[in-house]
Amino acid sequence: MNPLDLARIPALEVDRVSHRYGARVALNDVSLTVRQSSFTVLLGLNGAGKSTLFSLITRLYAIRSGQIRIFGHDVAREPGAALSKLGVVFQSRALDIDISVRQNLMYHAALHGIANKRAAELMVEVLDRVAMSDRSRDRVGNLSIGQMRRIEIARALLHQPRLLLLDEPTVGLDIKARADILDHVRRLSTVGGIGVLWATHLIDEAGAGDDVVVLHKGNVLAHGGVGDVIAKSGAADLRDAFTRLTGVADRDEMESAT
């Protein structure tokens, strides 16, 4: 395959994926695409199906209906090739707070089979990318929540993935920390060439140049550039578009989905 064709392969393709918990439908025939070097916001309230979708993409759950491909590799049939290109930051914290930043990253590198010397080199690179180079010897428990999030992003980047998934990564952060994390991850997309799927219930985390997927009660209601989604729904802005698409008009209800 020539370089031009390779550049056209989506970082992520979710094709007609459904999932149930007993009788409850969590995802209903969901399809979406994340382009290479793009920032895509997966926007939905709690219960929309965002975390379920992430669990399917990462193979925490088996895919029973539909297909998921990462850079053309089927997650179910070629899990090694697919997941080697994937970095993930889950909503729940996953760092060991009793050891140092360096120890956390070196342990993660070992899980990916990265030799110590190479892991040390990569650690320097990823910590620099999230502006945490001076904290490698610090105990994780001494960091702020926002700094821990940056370390989790650094860890997710350690094996040099080309697709990054982040599930509600700014929960519990103040306004400045949220903006800092968003800025860092957007730069990973635009400068580092990484495809990003950013799951959130916070509408203001979607920027004008982003792609957006509106997921509501397991259904994709809209998918495209932010401007296109606003225009197609006849709305004044993305908040208005979300309200028209989902029928959720109470801002307090939207803000309480934390």
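Since the model is a prediction, treat every value here as computed from it, not as a measurement.

Draft legend 1. Quick look at the overall build of the protein. Within the protein, the secondary structure is distributed over ten helices and ten strands. For 258 residues, the compact-globule formula gives about 18 Å, and the C-alpha radius of gyration of the protein, at 18 Å, lands near that figure. For the protein, the spread of C-alpha atoms along the three principal axes comes to 55 × 45 × 40 Å. A buried classification covers 49% of the 258 residues belonging to the protein. Long-range contacts, defined as pairs at least 24 residues apart, comprise 67% of the intrachain contacts of the protein with a sequence gap of at least 6. In the form shown here, the protein has an accessible surface area of approximately 12100 Å², with 49% of it arising from carbon and sulfur atoms. For the protein, the distance from the average position of its 32 positive side-chain charges to the average position of its 30 negative side-chain charges is 4 Å.

Draft legend 2. Broad picture of the sheet that holds strand β9 (residues 211-216). Taken together, the six strands give an open sheet; going across it, the order is β6-β7-β8-β3-β9-β10, and neighbouring strands pair in mixed fashion. Of all strands in the sheet, those with a lone pairing partner are β6 (86-89) and β10 (219-225), marking the two edges. Neighbouring strand axes in the sheet, compared pairwise and without regard to direction, differ in orientation by 15 degrees on average. Here β9 runs beside β10; their pairing, made up of six bridges, is antiparallel. Bridge assignment links V213 to a residue of β10, and that residue is H223. Sitting on the sheet, helix α6 (residues 145-157) is in contact with β6 and β7 (163-167), with an inclination near 165 degrees to β6.

Draft legend 3. Region of the structure containing the packing of aromatic side chains. Following the criterion strictly, the structure yields two aromatic pairs and no others. The positively charged end of R186 is found above the aromatic ring belonging to F39, 4.5 Å away from the centroid.

Draft legend 4. Broad picture of the environment of H112. Secondary-structure assignment places H112 in the loop between α4 (101-111) and α5 (116-129). For H112 and K50, which are 62 residues apart along the polypeptide, the C-alpha to C-alpha distance reads 26 Å.

Draft legend 5. How the structure looks around the nonpolar core. Grouped together as the largest cluster of nonpolar side chains are 51 residues, with contacts concentrated most on I153, L164 and L238. Top contributing element to this core by residue count: α6, with six residues. What I153 contacts, discounting residues up to four positions off in sequence, is V89, V130, L164, L166, I181, V185 and L188. By size, the runner-up hydrophobic cluster in this structure holds 26 residues, among which are A11, L27, V34 and A82.

Draft legend 6. Molecular detail of the pairing of strand β4 (residues 65-70). The pairing of strand β1 (residues 12-21) with β4 spans five bridges and is classified as antiparallel. Looking at the pairing, E13 lines up with R69 of β4. Taken together, the two bridges between β4 and strand β5 (residues 73-74) define a ladder with antiparallel strand orientation. Residue pairing in the sheet places I70 in a bridge with H73 of β5.

Draft legend 7. Structural detail: the confidence of the model for the protein. Per-residue confidence for the protein gives a mean pLDDT of 91; residues scoring 70 or more make up 94%. The lowest-confidence element of the protein is helix α10 (residues 251-255), averaging 49 in pLDDT; the highest-confidence one is β9, averaging 98.

Draft legend 8. A look at the packing of α6 against helix α7 (residues 175-190). The N-to-C vectors of α6 and α7 enclose an angle of 15 degrees; their axes lie 10 Å apart at closest approach. It follows from the interaxial angle that α6 and α7 lie roughly parallel. At the point where α6 passes α7, the crossing takes the right-handed sense. Contacts between α6 and α7 pair G146, R149, R150, I153 and L157 from the former with D180, I181, H184, V185 and L188 from the latter.

Draft legend 9. Just a nonpolar patch on the surface, in detail. Taken together, Y21, L60, Y61 and F90 make up a surface patch of nonpolar side chains, about 360 Å² in accessible area. Residue placement: F90 occurs in the loop between β6 and α4.

Draft legend 10. Spatial organisation of the side chain of H184. Relative to the helices and strands, H184 resides in helix α7. According to the relative accessible area criterion, H184 is buried, its value standing at 11%. Those residues in contact with H184 that lie beyond four places of it in its chain are R129, V130, A131 and R150.

Draft legend 11. Here's a closer look at the sheet that holds β5. Within the open sheet, the four strands sit side by side as β2-β1-β4-β5. Their pairing is antiparallel. Each of the sheet's edge strands pairs with one partner strand only, and the pair in question is β2 (24-34) and β5.

Cut-offs used in this document
Residues numbered from 1 in each chain as written. Predicted model: local features only at pLDDT ≥ 70, side-chain atom pairs only at ≥ 80, totals over all residues. Heavy atoms only, no water. Helix = DSSP H or I, 4+ residues; strand = E, 2+ residues; numbered from the N terminus. Rg over C-alpha atoms; globule rule 2.2 N^0.38 Å. Buried < 20%, exposed > 50% of the residue type's maximum accessible area, 1.4 Å probe, protein only. Contact = heavy atoms within 4.5 Å. Areas by Shrake-Rupley, 256 points an atom, 1.4 Å probe, with all protein chains shown as cover. Lys, Arg positive; Asp, Glu negative; His and termini not counted. Charge placed at Lys NZ, Arg CZ, Asp CG, Glu CD. Pairing = 2+ DSSP bridges. Axes fitted to C-alpha atoms, helices over the stretch in contact; angles between N-to-C directions. Phe/Tyr/Trp six-rings, centres within 6.5 Å; stacked < 30°, edge-to-face > 60°. Lys NZ or Arg CZ within 6 Å of the ring centre and 35° of its normal. Core = buried A, V, L, I, M, F, W, Y, C linked by side-chain atoms within 4.5 Å. pLDDT = per-residue confidence, 0-100. Parallel < 35°, antiparallel > 145°, perpendicular 65-115°, else oblique. Left-handed = near helix turned anticlockwise from the far one by under 90°. Patch = residues over 30% accessible without salt bridge, like charges linked within 9 Å, V, L, I, M, F, W, Y side chains within 5 Å. Salt bridge = Lys/Arg side-chain N within 4 Å of Asp/Glu carboxyl O.

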